[in-house]
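Residue-level structure breakdown
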Amino acid sequence: MPSTRHRRARRAAALLTLAVAAGLLAAPPAQAVGGGDAVTDGVYAFAAKVDVGPGDRSCSGALVDPWWVLTARSCFSFDGQAVVEGSPTKPTTVTVGRPDLTSSGGAVVPAFRVVPHPDRDVVLVRLSRRVDVTPVALGAAPTVGEGLTVAGFGRTATEWVPDQLHAGPFTVRAVGASTLDILGDGQGSVCRGDLGGPTVRVVGGRPQLVGLHRSSWQGGCLGETETRRDAVDTRVDDLGPWLTATMPQGVSTDPYVDVNFLYVYANGDIAPQTFPASATGGFAHPVSEWKGGAGAYAPDRVKVANDDFDGDGINDVAVLSTRTDGSFALDTFVTRPDGKYGPPIRSWTAASSWGHLSSVKLISGDFNGDGRADLSGFYGYAAGDEAWINWFSRPDGGFQSPIQAWRSSAFGQWSSTSVFAADVDGDGRDDANLFYAYATGAMAVITWPGRADGMFTTSYTSWSRPADKPFGSLSSMKLADGDFNGDGRGDVAALYGYADGHLGLFTWTAKADGHFNEPLGSWTSTTFGQFTSIKLVSGDHNGDRRSDLAALYRYADDSLGMHTFVSTAAGSFNPPVGSWRVERGVYGWWPSMKMDGE
């Protein structure tokens, strides 16, 4: 409110004080626009419900980017504490694309980060993953006498805790430099729980965001005796430059999952790099920035995992390595929105007495369900024991010291296993899995379900094939895990190299009971190339919500190419489509490109 408009400033202060006393900023969970109508269509799909803390507060907001929600800064302020940039001080969940909260549409996503505006009651909330909901665009500045529409999930005139977005008409009474005075038409009022909700101008059936609810007299809201219906919004129509500066965009923020990997140079330096994916599932030339390592790395002394270790919805690169003296180090390269990286976060080191890198088969997954991927190594001890050893991730993408999640002296042969991570039962926690090849020729998948503490429960056989009906040899299989049929459960795919040189793809889709279906065969080829010249990874490379397969191929002349096997609704794969291709020596060398799982 402009300081030169003394009377209006005093009035706004009174409104805000009353709003705080009445509980608008500290409302019980979930309350909407009094006197408004229930929103039953998708026009206001961008409207968000913001739940802060375990039942501490509910506000409203607006999706302004597939990664970001705009709401009131005061929604995150407790006991007068300033809101600072970083992780929310209380766990926060955002529901968007779901005007009827009892439905299953839209998305419910944890908040990853908050960025307050320096001067206004506005905060940007970075979601932990991209949502498939159309954001609202900013509109032009409102004018006095203009009719606008307000929306929110707060209390109504008849319900304390509605499970429904409501919207109603309001008229602009005054426009300040940073605020907007509005008055509900008829019985309309801004109520508790509407804080941070959108005020929009509708042009050609499309809303344009001009304000966020800040304070209200709450006349007509259930339980209130006040009769005045005036409200004050924070203007956002002029915040375009701040939004652009605060919401960085790049190859890592689009809907297409990229392929992140580590390049190990001949001099021992390393560089994390990204193949940007596109709508076709194809890839562009790798992007990179940081290069270093002081010559301490070698291709045979690193293991790489590609996953979202800091919970920001973008995959990162973790590198478990050993020095020439056998000592261990664990580094994380956090991926920026532009697909590039800064220096690594080194979170764990150990002397050579810890073990042997060659005895670790590394996988990644969110084993404790906290929204961040962890690391797990299947370790084979010299005495014959096997163990799952877990490194739980930290909010910064680094890792805690390893713990032993499971160990046995009677499991079997470590060398007869091939490991992968997958949320087989769809409970939100990844499970540790491995293919086991018995000496008899039988084969099985063994699954260790993940627990809330990140440890693993008792293993069970989730798929098996008897010796008289053998599937094949583990040494002829290259594995990649992902949700290939889009049902929310983790599957596993295998590229199989036959003795006669032809190739085939198989998918084990997961069942709701935590077991796998029989493998589904799809693509086969006698002409694609050599099994030993393929590096296989997975991700939703074309943005259709199903994981695909990407293959880095080394041709006979040492030229390189990327090929994508796009998945089908059944979990099978279409024939590969080539994209990136470079001739020998133009980019680098295939053995130096360490992909996920290597």
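None of the values given here were measured: they were computed from a predicted structure. Residue numbers restart at each chain and count upward from 1, following the sequence in its written direction. For this predicted model, a pLDDT threshold of at least 70 governs which residues receive local features, and a threshold of 80 or more governs which side-chain atom pairs are given and counted, while totals over whole chains, interfaces and linings are taken from all residues. Values shown for side chains rest on all heavy atoms present in the structure; no hydrogens or waters enter the calculation.

1. Points about the environment of Gly482
Looking at the secondary structure, you find Gly482 in strand β29 (residues 477-482). The spatial distance from the C-alpha of Gly482 to the C-alpha of Val537 is 9.5 Å, given a sequence separation of 55 residues. Starting at the N terminus, helices and strands are each numbered in turn, a helix being any DSSP run of H or I of at least four residues and a strand any DSSP run of E of at least two.

2. Side note on the packing of aromatic side chains
Working definition: rings of Phe, Tyr and Trp (its six-membered ring) pair if their centres are within 6.5 Å, and the pair is stacked with planes under 30 degrees apart, edge-to-face with planes over 60 apart, and tilted otherwise. Applying the stated criterion across every chain, the model contains 44 aromatic pairs. Look at Trp290 and Phe333: their rings are 5.2 Å apart centre to centre, the planes differ by 50°, and that puts the pair in the tilted class. Residue Trp290 is located in the loop between β16 (270-275) and β17 (302-307), and its partner Phe333 is located in strand β19 (residues 328-333); the two are separated by 43 residues in the primary sequence. Both residues of the pair, Trp290 and Phe333, belong to the buried class. When accessible area is computed with a 1.4 Å probe and restricted to protein chains, residues below 20% of their type maximum are described as buried, those above 50% as exposed, and intermediate ones as partly exposed.

3. Some words on the nonpolar core
Judged by nonpolar contacts, the single largest core of 51 residues is most densely connected at Leu70, Phe76, Leu124 and Leu209. Those elements that place two or more of their residues in this core are β2 (47-52), β3 (57-65), β4 (68-71), β5 (92-96), β6 (107-116), β7 (123-127), β13 (206-216) and α2 (240-246). No other element matches the five residues that β6 contributes to this core. Those residues within four positions of Leu124 in sequence are excluded, and the remaining contacts are Val64, Trp68, Val69, Leu70, Arg113, Val114, Val115, Trp242, Leu243, Thr246 and Met247. Only buried residues count toward a nonpolar core. Its members are Ala, Val, Leu, Ile, Met, Phe, Trp, Tyr and Cys residues joined through side-chain atoms within 4.5 Å. Any pair of residues with heavy atoms lying within 4.5 Å of one another is described as a contacting pair.

4. Here we look at the domain arrangement of the protein chain
Domain delimitation in this document rests on an assignment produced automatically or drawn from a domain database. Partitioning the protein chain into structural domains gives domain 1 (37-246) and domain 2 (259-594). Averaged C-alpha coordinates put domain 1 and domain 2 at centres separated by 41 Å. Taken together, the contacts link seven residues of domain 1 with six residues of domain 2. Counting the surface lost from both domain 1 and domain 2, the interface buries some 460 Å², and carbon and sulfur atoms represent 47% of this. Any Lys or Arg side-chain nitrogen located within 4 Å of an Asp or Glu carboxyl oxygen qualifies as a salt bridge. Connecting domain 1 to domain 2 are one salt bridge. One salt bridge in this structure joins Arg545 and Asp132, with 2.1 Å as the shortest N-O distance. For this classification, Asp, Glu, Lys and Arg are treated as charged, while Ala, Val, Leu, Ile, Met, Phe, Trp, Tyr, Cys and Pro are nonpolar and the rest, including Gly, are polar. Looking at the side of domain 1 that touches domain 2, its residues break down into three nonpolar, one polar and three charged. Summed over both partners, buried area is the accessible surface (1.4 Å probe) that two parts give up on being assembled.

5. What about the sheet that holds strand β37 (residues 593-594)?
One open sheet accounts for three strands, arranged β16-β15-β37; its pairing is antiparallel. With one partner strand each, in any of the chains shown, β16 and β37 form the two edges of the open sheet. The pairing criterion is simple: DSSP has to find at least two bridges between the two strands. Note that strand β15 (residues 259-264) and β37 share two bridges and pair antiparallel. Each bridged residue has a counterpart across the sheet, and for Tyr263 the counterpart in β37 is Met593.

6. Examining the state of the cysteines
Simply put, the disulfide is a covalent bond whose two ends are the sulfur atoms of two cysteines. Cysteine sulfur atoms are paired as a disulfide whenever they fall within 2.5 Å. Summed over all chains, the structure comprises two disulfides. With its sulfur 2.2 Å from that of its partner, Cys59 forms a disulfide with Cys75. Handedness of the Cys59-Cys75 disulfide follows from its S-S torsion of about 105°: it is right-handed. Here Cys59 is found in strand β3, whereas its partner Cys75 is found in the loop between β4 and β5, with 16 residues between them in sequence. One exposure class covers both Cys59 and Cys75, and it is buried. Linked covalently through their sulfurs, Cys191 and Cys221 form a disulfide whose S-S length is 1.9 Å. The disulfide joining Cys191 to Cys221 has a torsion of about -90° about its S-S bond and is therefore left-handed.

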